[in-house]
Amino acid sequence: MTAYPHLLAPLDLGFTTLPNRVLMGSMHTGLEDRAASYPKLAAYLAERAAGGAGLIVTGGIAPNIAGWVAPFAGKLSARREVPRHRLVTNAVHEAGGRVCMQILHAGRYAYHPLSVAPSPLKSPITPFKPRGLSARGVESQIRAFARCAALAREAGYDGVEIMGSEGYLINEFIAARTNRRDDAWGGDFERRSRFPVEIVRRVREAVGPDFIIIYRLSALDLVEGGSTWDEVIALGRAVQAAGATIINTGIGWHEARIPTIATLVPRAAFAWVTGRLREALDVPVVATNRINMPGVAEDILARGEADMVSLARPFLADAEWVRKAAEGRSDEINTCIACNQACLDHTFAGKRSSCLVNPRACHETELVVRPAERRLRVAVVGAGPAGLAAATTAAERGHRVTLFEAGAEIGGQFQLARRIPGKEEFAETLRYFRRRLEVTGVELRLGRAVTAGELAQGGFDRVIVATGVLPRTPAIPGIDGPQVLSYIDVLLGRREVGRRVAIIGAGGIGFDVATFLSHPHHGAAPVAEYNQEWGIDPEWSVRGGVEGVDPRPADTGREIWLLQRKQGKPGRGLGKTTGWAHRLGLQRRGVHMIPGVEYLGVEPAGLRVRIKDEERLLEVDHVVVCAGQEPLDALAHELASQGVAADLVGGALEAAELDAKRAIDQATRLAAAL
Ligand code: FAD
Ligand code: NAP
Ligand code: SF4
């Protein structure tokens, strides 16, 4: 008896049956863009197929050059491009999976000068103004979709997904916001929606009846001038009648100023939208966004809100997500924490995707964890992300590993991160590692700082030092005063914090502390609160689900100053795809973010500063120091003085610009090479 009967139930599509209700959603990894990287793409997708994904959708492939996301991005418009795709379909089929190719025409979101759109309107997130399509041009885009789908079939795909959401070309035709035409392809809703309907009809004609067509329907645009709910339903029905097999849910345009997949978005926050779609449609519908654990997925399906669930990033984090759920091993799932740091942030920086919690993602052929040739005795010191990754990877390879942690619990700084409102998911990484230590047989010694002498006497073949960092104390007069707090004291709740607070340092931790102090409660936000904070209409009664709805963040009554010395916008170093939401969230809660600050001293009455040549006293109850960190590497020096060679990883090696992505990646690579 499984805990997930709905999730693991087959889905009969008429001409084929999917083994379960899990769709691996489309993600652009960068591997799609170069012919030479298709063997890597094939290996990456085949691992997910072997791990049980019911149906995989590839990253977006353009149907023509105009539709490229960026110059020379993945495209399928000519027969000579078919063989590289066969590598993918063969590998997935050999692993027992099914795979659809996503056809993505970027429209005005294209990052190149050849872009096209229904009307020549530049998007706010790209520098290129698109060319407005002529009626002949529209026809040629539709032909490109149909030809691309036919070639996908020839390449062995089980189907295609037509990307109709997120503000790309198809979505641009549908919304009055971007379609200013008054011809057969624009004007009233019927003419604006003709483009997607015609695409689905012509694709169906080109591929025949026994081929999956998923249509990704923009169910909630989250932009002004987006569709109304009635239009969404009308389009869903028309697309269904034109030949779509499955309708997937799209949430939010890329230019929307509402976070839709970041950690601060509650789990399954948009399942209600798919639930409403399902009531109006006959074909299977797919729920999406922030579904990361089997229990969450099962609940959506059991409530009847969807026929399938789409998980994208969770498959980067763990290729065996479905198999672990099916075998009653959900506690072994490496959970996606929705940080975007190694996936979407990489994509937007033009780098290959990977995963913060699983550096093997998209590097399956390069980062291989093989059984060790000789079993070594390995000591790992520090059970933060670096130490945990090093210890479990080494033990997985067969080494005998002892992990020493000074604290009472594993986790290092992740024990602090998980306390930040909107970062509760970080606790899942600790649950994963706690179980992984058991599964791989690591001996864990908690509660005491191990000394160099003990390690030297311990008979270890290798010592890995992952002792992390020490918070930096800046040299500011009065910094040792009673009203000065460390971020550790604040986040662990060791000290009460007053109503008026100045934060020294506006890096990742400064922003997190400001979030912690300005948030009404600590614990994952319920969906209703998230909708209210970001201005989403839960009744779906206005255009785009947002038009005319004011964001209403809750007020804690605290006044917070978030300060940095350098000029320039605070938070510039935060993640590309999430930093803006952190900034906007704090701004709306009234946090003063001030650059160019010179700290003159902490006084009983507050923090004295100079800003733009003007001296000011910020009258605050407390000053919280978030001024960066230094490596905690004393142990490594002591070991060296006793003649014991050690490898340093994570913060112990270098604290500057350290994050968990680097710590885990470095430690995994070190342990894979021991
Ligand atoms: P640490 O996590 O510092 O772990 C070191 C461990 O070693 C500690 O548990 C310590 O107790 C132990 N130790 C030290 N000396 C000894 C000894 N002698 N014997 C035994 N044990 C010892 N990073 C991100 O990538 N994304 C984020 O969103 C993010 N958010 C954060 C939010 C907060 C509030 C904080 C504080 C950090 C955040 N970070 C984030 C940073 C991230 O947590 C660190 O980069 C990461 O934890 C570094 O890992 P590490 O293993 O090198 O060190
Ligand atoms: P950080 O990002 O390097 O920020 C340190 C801050 O302290 C900066 O604002 C810096 O700005 C200031 N500072 C540095 N030296 C100072 C001094 N001597 N006196 C006064 N101010 C000083 O470091 P962090 O905030 O401690 O974060 C640590 C790491 O955790 C980061 O590298 C980050 O990647 C990671 N993290 C990431 C996230 C995330 O959301 N991705 C969240 C939290 C943490 P000025 O020098 O201009 O004053
Ligand atoms: Fe999820 Fe972060 Fe990994 Fe991306 S990098 S897949 S968001 S855990």
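Residues numbered from 1 in each chain as written. Chains lettered and ligands numbered in written order. Predicted model: local features only at pLDDT ≥ 70, side-chain atom pairs only at ≥ 80, totals over all residues. Heavy atoms only, no water.

Trainee: Would you mind showing me how to read the overall build of the protein chain here?
Mentor: Check the secondary structure of the protein chain and you find 22 helices and 27 strands. A globule of 674 residues ought to have a C-alpha radius of gyration of about 26 Å, and the protein chain, at 26 Å, matches this closely. By its C-alpha atoms, the protein chain is 75 × 65 × 45 Å across when sized along the principal axes. The 674 residues of the protein chain split such that 59% are buried. For the protein chain, the share of sequence-separated contacts (at least 6 apart) that also reach a separation of at least 24 residues comes to 71%. Summed over all atoms, the accessible surface of the protein chain reaches about 26,000 Å², with 50% contributed by carbon and sulfur. Each charge class in the protein chain was averaged separately, 81 positive and 76 negative side chains, and the resulting centres sit 4 Å apart. (Helix = DSSP H or I, 4+ residues; strand = E, 2+ residues; numbered from the N terminus. Rg over C-alpha atoms; globule rule 2.2 N^0.38 Å. Buried < 20%, exposed > 50% of the residue type's maximum accessible area, 1.4 Å probe, protein only. Contact = heavy atoms within 4.5 Å. Areas by Shrake-Rupley, 256 points an atom, 1.4 Å probe, with all protein chains shown as cover. Lys, Arg positive; Asp, Glu negative; His and termini not counted. Charge placed at Lys NZ, Arg CZ, Asp CG, Glu CD.)

Trainee: What exactly am I supposed to notice about the pattern of salt bridges here?
Mentor: Here the idea is simple: oppositely charged side chains can pair when their charged atoms come close. As enumerated under the stated definition, the model contains 48 salt bridges in all. Measuring nitrogen to oxygen at the nearest pair gives 2.7 Å for the salt bridge that ties Lys324 to Asp318. With a relative accessible area of 9%, Lys324 lands in the buried category. On the basis of relative accessibility, which here comes to 6%, the residue Asp318 falls in the buried class. For Glu428, the salt bridge identified is with Arg431, shortest N-O distance 2.8 Å. (Salt bridge = Lys/Arg side-chain N within 4 Å of Asp/Glu carboxyl O.)

Trainee: Help me out: how do you make sense of the site of ligand 1 in this one?
Mentor: Among the 35 residues in the neighbourhood of ligand 1, the closest are listed as Gln341, Glu405, Lys423, Gly651 and Ala660. Side-chain polar atom of Lys423 to an oxygen atom of ligand 1: 2.6 Å apart, as the coordinates give it. Ala660 has a polar backbone atom sitting 2.8 Å from an oxygen atom of ligand 1. A total of 1,000 Å² of accessible area belongs to ligand 1 in isolation, and the protein chains cover 89% of it. Listed by contribution, the elements that provide at least two residues to the shell around ligand 1 are α13 (385-396), β14 (400-405), α14 (414-417), α17 (487-491), α18 (508-518) and α22 (660-672). Classifying every residue of the shell around ligand 1 gives 21 nonpolar, 9 polar and 5 charged. Mapped onto the domain boundaries, the shell around ligand 1 takes at least three residues apiece from domain 2 (377-471 + 630-673) and domain 3 (484-520 + 555-627). (Near = heavy atom within 4 Å. Polar contact = N/O pair within 3.5 Å; in protein donor to acceptor, adjacent residues only side chain to side chain. Nonpolar A, V, L, I, M, F, W, Y, C, P; charged D, E, K, R; others polar. Domains from an automatic or database assignment.)

Trainee: I would appreciate a short explanation of the nonpolar core in the present structure.
Mentor: A general trend in soluble globular proteins is that nonpolar side chains are found buried together. Ranked by size, the top nonpolar core spans 155 residues in total, and within it Ile162 and Tyr215 carry the most contacts. Counting residues in hydrophobic clusters, the runner-up holds 23 residues, among them Val513, Leu517, Leu562 and Met593. (Core = buried A, V, L, I, M, F, W, Y, C linked by side-chain atoms within 4.5 Å.)

Trainee: Which parts of the structure should I look at to understand α22?
Mentor: Three or four residues apart is the spacing at which side chains of an α-helix point the same way, because the helix has 3.6 residues per turn. Relative to the 18 Å expected for 13 residues at 1.5 Å per residue, α22 spans 18 Å between its end C-alpha atoms, a close match to the ideal helical length. Burial in α22 covers these residues: Ala660, Ala663, Ile664, Ala667, Thr668, Leu670, Ala671 and Ala672. (Expected span 1.5 Å × (residues − 1).)

Trainee: Help me understand the site of ligand 2 in this model?
Mentor: Close to ligand 2 lie 22 residues, the nearest being Ala506, Ile509, Arg565, Lys566 and Leu658. Interatomic distance of 3.3 Å between a backbone N/O atom of Gly507 and an oxygen atom of ligand 2. Between an oxygen atom of ligand 2 and a main-chain N or O atom of Lys566, the distance comes to 2.9 Å. Here ligand 2 has 890 Å² of accessible area as a free molecule, and 77% of this is covered by the chains. Here the shell around ligand 2 takes 3 residues from α18, the largest share from any one element. Split by residue class, the shell around ligand 2 holds 8 nonpolar, 7 polar and 7 charged. Each of domain 2 (377-471 + 630-673) and domain 3 (484-520 + 555-627) accounts for three or more of the residues forming the shell around ligand 2.

Trainee: Even after reading the chapter, I still don't get the environment of Leu281, so can you show me in this structure?
Mentor: When you line up the elements, Leu281 lands in the loop between α8 (271-280) and β11 (285-287). Taking relative accessible area as the criterion, Leu281 reaches 8% and is therefore assigned buried. Taking the C-alpha atoms as reference points, Leu281 and Gly236, 45 residues apart in sequence, are found 7.1 Å from one another. In this structure Leu281 touches Ile233, Gly236, Arg237, Gln240 and Ile247, once residues within four positions along its chain are discounted.

Trainee: What should I look at first to understand the packing of aromatic side chains in this one?
Mentor: When we look at a pair of aromatic rings, we describe it by the centre distance and by the angle of the planes. Inspection of every chain in the model, using the stated rule, returns 11 aromatic pairs. Centre to centre, the rings of Trp68 and Phe72 are 5.1 Å apart; their planes meet at 50°, and the pair counts as tilted. Seen in terms of ring centroids, Tyr109 and Tyr168 are 5.5 Å apart; in terms of plane orientation they differ by 80°. Their pairing is edge-to-face. With Tyr109 in the loop between β5 (99-103) and β6 (116-117) and Tyr168 in the loop between β8 (159-164) and α4 (169-174), the pair connects residues that are 59 residues apart, well separated along the chain. There is no split in this pair, since Tyr109 and Tyr168 are both buried. Here a set of aromatic residues connected by ring pairs shows up, and it is made of Phe173, Trp185 and Phe195. It is Arg177 that lies over the ring of Trp253; its NZ or CZ is 5.9 Å from the centre. (Phe/Tyr/Trp six-rings, centres within 6.5 Å; stacked < 30°, edge-to-face > 60°. Lys NZ or Arg CZ within 6 Å of the ring centre and 35° of its normal.)

Trainee: What should I look at first to understand the sheet that holds strand β19 (residues 500-504) in this one?
Mentor: Note: strands within a sheet are paired through backbone hydrogen bonds, in either parallel or antiparallel orientation. The sheet built from 5 strands is open, its strands ordered β18-β25-β19-β20-β21 with parallel pairing. Edge positions in the sheet fall to β18 (484-486) and β21 (592-594), since each has one partner strand and no second. The sheet shows a mean angle of 20° between the axes of neighbouring strands, taken without regard to direction. Contacts from α18 reach β19, β20 (559-563), β21 and β25 (622-625), with the element oriented near 175° to β20. (Pairing = 2+ DSSP bridges. Axes fitted to C-alpha atoms, helices over the stretch in contact; angles between N-to-C directions.)

Trainee: What's the story with the sheet that holds strand β13 (residues 377-381) in this structure? I'm lost.
Mentor: With parallel pairing, the 5 strands of this open sheet are ordered in space as β15-β14-β13-β16-β27. At either margin of the open sheet sits one strand with a lone partner, and together these are β15 (443-446) and β27 (647-648). Where strand β16 (residues 462-465) and β27 come together, 2 bridges link them in parallel fashion. Paired with Ile464 across the bridge in β27 is Asp647.

Trainee: Sorry if this is basic, but what is going on with helix α19 (residues 527-534) here?
Mentor: Burial in α19 covers these residues: Tyr530, Asn531, Glu533 and Trp534. Buried residues of α19, viewed axially, fall in a sector of 165°; they line one side. Packed against the buried residues of α19 are α8 and α20 (579-588). (Arc of directions from axis to C-beta.)

Trainee: I would appreciate a short explanation of the side chain of Glu81 in the present structure.
Mentor: Turning to its location among the elements, Glu81 is positioned in the loop between β4 (55-61) and α2 (82-94). Given the relative accessible area of 4%, Glu81 is considered buried. If we ignore the near neighbours within four places in the chain, the residues touching Glu81 are Lys75 and Leu76.

Trainee: What's the story with the packing of α13 against α22 in this structure? I'm lost.
Mentor: Between two packed helices, the angle of one axis relative to the other and the distance separating the axes together describe the packing. Two numbers describe how α13 lies on α22: the axes approach to 8 Å, and their chain directions differ by 25°. Comparing the axis directions of α13 and α22 gives the class roughly parallel. For the crossing formed where α13 meets α22, the hand is right-handed. Between α13 and α22, the contacting residues are Pro385, Ala386, Ala389, Ala390, Thr393 and Ala394 on the first element and Ala663, Ile664, Ala667, Thr668, Ala671 and Ala672 on the second. Per-class residue counts for the contact of α13 with α22 are 10 nonpolar, 2 polar and no charged. (Parallel < 35°, antiparallel > 145°, perpendicular 65-115°, else oblique. Left-handed = near helix turned anticlockwise from the far one by under 90°.)

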